[in-house]
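Survey of secondary and tertiary structure
The chain contents come next:
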Amino acid sequence: MTTTGAASAAGLDGTSPVSEYGTPDPGLTGDTITLNVFRGTPDDQQGDVTYQVPGVSGMVVLDAIHYIQHNLDTDLAARWNCKAAKCGSCSAEINGRPGLMCKTRIDELPDGPITVRPMKAFPLIKDLVTDVSRNYEINRAIPPFTHAPDDGTPWRIRQADIDRLYEFRKCIECYLCQDVCHINRTHGLLDRFYGPRFFVRVASLEMHPKDVLDRTEQTRDEGGLAYCNVTKCCTEVCPEHIHITDNAIIPLKERVADKHWDPVRWMGRRMFGNRDNDTQPPTPSPAG
Amino acid sequence: MAQVTATPTAPNAQHPEQTVLQRFRRDQPWWLLPLTVVTVLGGFGLYVLWTAFIESPPGSVNHVSEWGPYLSPFFSPLIWKSGPVSPAIFVLWSPLIFRASCYYYRKAYYRSFFLDPPACALGEMRHRAYHGESRFPMVLNNLHRFTLYAALVILGWLWYDAFLAFFSVDPANHGHVWLGLGTGIMLANVVLLTAYTFSCHSLRHLVGGGLDCYSTARLGMARNGAWRALTKINLRHPMWAWLSLFSVMLTDVYIRLLQHGLFVDPHIVF
């Protein structure tokens, strides 16, 4: 299905851009932006609908979607919240590439119509909205942060012990990494593969100086860590610029290699025990 | 009127976080990078086979690429020079498997040779069951750790070769300091190989990445410092991978040119 939405707004008829009060609007560029937006539900007809939207300096794709919702097609479904690249709600595929609609500037895209489609790796609900609930199931399957039973609070932790965890805390759970990962989007293995987002979560727990659980075996077996072939697409699309592959997935693969593939480490453990991570966290003491 | 609102900025302003290289790559067709990688890696593989097992210039013993104080990295350490096969066979397996199982090269050849995927968010041409690195033969990529140990030993030999390249082997000036263009090439090569090896993800993990709590581990803070240092060069691991690949090949080409007498090594001896 390819139809054309009504484009009746001012600014599209060749006249100079003016505001709703009839005065010149310095924000309007005078350009017309053409968008091909996916419309449909799983049980209904699906296809792209073409809309034309007046261009505004610095506008992002979500601005154009809002314009369509307010002026051209009020039942267009799109998920969004903060419009500041912090809530992770407006994930979509823009010109075939996963990205946040609120962070994708139209003047950075190539000339020509802009295609906006829902995330391919997840089941469609309606238009640009997908069902990402599988991610929450995976999250529940990962044992949460667990400290030693006798490790009371407050804790005093050295900065060096938690520096590398800050990067993982930047994740906004937009699931773009889950969407772009070819193991999910092409091979449909999300039922046996945690995916980049949850490897980041596991890594943040495994590297935490106060956590006492070991999740590497679970991540290897149930999480399907070995499915990942480190092609780094997750890192490329991450809007928070988290080095997902280098700092989370590869360190997890290395922890698996420690146990199963390194003859030197194996011999060392047999002779001396695990001398790396067997030490107890610092004894808690009152702050100050 | 338009409902959209945004802070007016310069038209077509580029995103400040996009580098020149990222903008260049964004504007290129998706197949350009895989084609380049296939061409370069394939060419390198063919060159290695040629120089290690086929090329045999006049005066060369068992295909060995050496001239004056210079020894090609493909043959170092030189084991059983007069044996029945090229001595490269005793050495090459280690750096080649080290590179083949390197996390960066894995990304490069999965994308380029196997098109798995050819580029991000692009459909794949292979639709049979996907197993990633969970089954043979790709599961052998986990041997990267093992080949790292071997690569570190060979790296030590290459530093020794670079050291020897500073001393003349000419009988008239034996033992005198030799500073030639080849000396500089061999030194640059071993520096780049060191950068590549020390930016390895496995080494980064071994020195400290595998620790959960630095402050309580034995030598924990020293290992944290080492991990931080390696993390800095690890950020450029792809760059070191390519530069060291080219430098190894260039070093061998240079020595082969000297062997054939097609080039005279400019040098001073004192």
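Predicted model, so just to flag it, every value in this text is computed and none were measured.

**What about the overall build of chain A?**
Helices and strands together make up the secondary structure of chain A, namely 11 helices and eight strands. Counting every position in chain A, which comprises 288 residues, the buried fraction comes to 55%. The long-range fraction of contacts in chain A, counting pairs at least 24 apart against all pairs at least 6 apart in sequence, stands at 65%.

**With respect to the environment of B:Leu122**
Residues and elements named next belong to chain B. Mapped onto the fold, Leu122 is located in the loop between α4 (103-112) and α5 (144-164). Through-space distance from the C-alpha of Leu122 to that of Trp30 is 8.8 Å; in sequence the pair is 92 residues apart. Among all residues touching Leu122, those that are not within four sequence positions of it are Trp30 and Pro117.

**So, the state of the cysteines**
Note on terminology: disulfide describes a covalent bond linking the sulfur atoms of two cysteines. This structure, assessed with the given rule, holds one disulfide over all chains. The disulfide that involves A:Cys233 links it to B:Cys120, with 2.2 Å between the sulfurs. Linking A:Cys233 and B:Cys120, the disulfide has an S-S dihedral of approximately -95 degrees and is accordingly described as left-handed. A residue pair is termed interchain when its members come from two chains, as with A:Cys233 in helix α9 (residues 233-237) and B:Cys120 in the loop between α4 and α5. Residue A:Cys233 is classed as buried on the basis of its relative accessible area, which comes to 5%.

**Details of the packing of helix α2 (residues 32-53) of chain B against helix α9 (residues 237-260) of chain B**
Residue and element names in this part refer to chain B. In contact at an axis separation of 11 Å, α2 and α9 are set at 35 degrees when each is read in the N-to-C sense. Once α2 is placed against α9, the crossing between them reads as left-handed. Here α2 contributes Val37, Val40, Leu41, Phe44, Tyr47 and Thr51 to the contact with α9, which in turn contributes Trp242, Leu245, Phe246, Met249, Asp252, Val253 and Arg256. The residue inventory of the contact of α2 with α9, partitioned by class, reads 10 nonpolar, one polar and two charged.

**Side note on the pattern of salt bridges**
All names here are of chain A. Counting across every chain of the model gives 31 salt bridges over all chains. The partner of Arg215 in a salt bridge is Asp211, and the shortest N-O contact between them spans 2.9 Å. The class for Asp211 is buried, based on a relative accessible area of 8%. We note a salt bridge from Asp221 to Arg220, for which the minimum N-O separation is 3.3 Å. Judged by relative accessible area, Asp221 falls into the partly exposed class, the value being 48%. By relative accessible area, which is 30% here, Arg220 ends up partly exposed. Among the charged side chains, a network of salt bridges with common partners joins Arg39, Asp73, Asp75, Lys126 and Asp127.

**A look at the packing of aromatic side chains**
All names here are of chain B. According to the stated counting rule, one finds 27 aromatic pairs over all chains in the structure shown. Aromatic pair Tyr105 and Tyr196: ring centres 6.2 Å apart, planes at 75 degrees, arrangement edge-to-face. Remark: Tyr196 occurs in helix α6 (residues 181-198) and Tyr105 occurs in helix α4; sequence separation between them is 91 residues. The same class applies to Tyr105 as to Tyr196, namely buried. Geometrically, the ring pair formed by Tyr105 and Trp242 is edge-to-face, given 5.9 Å between the ring centres and 70 degrees between the ring planes. Of the two residues, Tyr105 sits in helix α4 while Trp242 sits in helix α9, which places them 137 residues apart along the sequence. Each member of the pair, Tyr105 as well as Trp242, is classed as buried. Ring-pair connections join several aromatic residues into one group, and the members of that group are Phe98, Tyr104, Tyr105, Tyr196, Trp242 and Phe246.

**Details of empty space enclosed by the protein**
Residues and elements named next belong to chain B. Under the defined criterion, the tally for this structure stands at seven cavities of 30 Å³ or more. A volume near 240 Å³ is recorded for the largest cavity. Of all the secondary structure elements, the ones that give two or more residues to the lining of the largest cavity are α3 (93-100), α5 and α6. Its residues assigned to classes, the lining of the largest cavity shows 15 nonpolar, two polar and one charged.

**Section: the pairing of strand β4 (residues 91-94) of chain A**
The side chains of a regular strand alternate between the sheet's two faces. All names here are of chain A. Judged by which residues are buried, β4 turns out to be covered on both faces: Ser91 and Glu93 on one side and Ala92 and Ile94 on the other are all buried. Where β4 meets strand β5 (residues 97-100), four bridges bridge the pair, whose relative direction is antiparallel. The residue bridging Glu93 from the neighbouring strand is Pro98, located in β5. A loop of two residues connects β4 with β5, the two strands running antiparallel in sequence, and Asn95 in this loop sits at a positive phi of about 50 degrees. Two elements, β4 and strand β6 (residues 114-117), share two bridges in a ladder whose sense is antiparallel.

**Things to note about the nonpolar core**
Residue and element names in this part refer to chain A. Ranked by internal contacts, the top residues of the largest apolar core, which has 78 residues, are Val37, Ile65, Met101 and Val116. Sort the elements by how many residues they give to this core and helix α1 (residues 61-72) lands first, with seven residues. When residues of this core are assigned to domains, at least three map to each of domain 1 (2-130) and domain 2 (133-272).

**Topic: helix α8 (residues 220-234) of chain B**
With 15 residues, α8(B) ought to run about 21 Å at 1.5 Å a step, and its terminal C-alpha atoms sit 20 Å apart, in line with that. Those residues of α8(B) that are buried are in contact with α3 (159-162) and α10 (244-260) of chain A together with α6, α7 (201-209) and α9 of chain B.

**Observations regarding the domain arrangement of chain A**
All names here are of chain A. Split into domains, chain A comes out as domain 1 (2-130) and domain 2 (133-272). Each of domain 1 and domain 2 has a C-alpha centre, and the two are 35 Å apart. Counting each side, the surface lost to burial between domain 1 and domain 2 is near 1300 Å², with a carbon and sulfur contribution of 55%. For the domain 1 face of the interface with domain 2, the top three residues by lost area are Pro98, Ala121 and Phe122, together amounting to 36%. If you look at where domain 1 meets domain 2, you find three salt bridges. Note that Arg97 and Glu236 form a salt bridge whose closest N and O atoms lie 3.6 Å from each other. Scanning the region where domain 1 abuts domain 2 turns up six residue pairs in polar contact (both at pLDDT 80 or more). Within the residue set of the side of domain 1 that touches domain 2, elements represented by two or more residues are β4 and β5.

Reading the values: rules and limits
Position labels on residues start from 1 in each chain and follow its written sequence. Following the order in which they are written, the chains are lettered starting with A and the ligands numbered starting with 1. Given that this is a predicted model, residues contribute local features only at a pLDDT of at least 70 and side-chain atom pairs are listed and counted only at 80 or more, while totals for whole chains, interfaces and linings are drawn from all residues. By convention in this description, side-chain values take in all heavy atoms of the structure and omit both hydrogens and water. Helix and strand definitions here come from DSSP, where helices need a minimum of 4 consecutive H or I residues and strands a minimum of 2 consecutive E residues; each element is numbered from the N-terminal end. Using a 1.4 Å probe on the protein chains alone, a residue whose accessible area is under 20% of its type maximum counts as buried, one over 50% counts as exposed, and one in between counts as partly exposed. Note on contacts: a residue pair is in contact if any heavy atoms of the two residues lie within 4.5 Å. The term disulfide is used for any two cysteine sulfur atoms that are within 2.5 Å. To get an axis, a line is fitted to the C-alpha atoms, and for a helix only the part in contact is used. The angle between two axes follows their N-to-C directions and goes from 0 to 180 degrees. For a crossing to be left-handed, the near helix must be turned anticlockwise from the far one by less than a right angle; the clockwise case is right-handed. In the scheme used here, Gly and all other residues not listed as nonpolar or charged are polar, with Ala, Val, Leu, Ile, Met, Phe, Trp, Tyr, Cys and Pro taken as nonpolar and Asp, Glu, Lys and Arg as charged. Salt bridge, as used here, is a side-chain nitrogen of Lys or Arg placed within 4 Å of a carboxyl oxygen of Asp or Glu. Side-chain rings of Phe, Tyr and Trp, where Trp is taken by its six-membered ring, are said to pair if the distance between their centres is within 6.5 Å; with planes under 30 degrees apart they count as stacked, over 60 as edge-to-face, and otherwise as tilted. Using a 1 Å grid laid over the protein atoms alone, points where a 1.4 Å probe fits but cannot get out form a cavity; open sets with protein on both sides within 12 Å along at least 5 of 7 lines form a pocket; any residue with an atom within 4 Å of a point counts as lining. Grid points are joined across faces, edges and corners, and a volume is the space filled by probe spheres set on the points. Two strands are counted as paired when DSSP detects at least two bridges linking them. Throughout, nonpolar core names a set of buried Ala, Val, Leu, Ile, Met, Phe, Trp, Tyr and Cys residues whose side chains join them through atoms within 4.5 Å. Here the limits of each domain have been adopted from an automatic or database domain assignment. Multiplying 1.5 Å by the helix residue count minus one yields the expected span of that helix. Once two parts are joined, some of their accessible surface, as seen by a 1.4 Å probe, is lost; buried area is that loss totalled over both. By the criterion applied in these results, polar contacts are pairs of N or O atoms within 3.5 Å in which, for protein atoms, one can donate a hydrogen and the other can accept it, and in which residues neighboring in sequence qualify only through two side-chain atoms.

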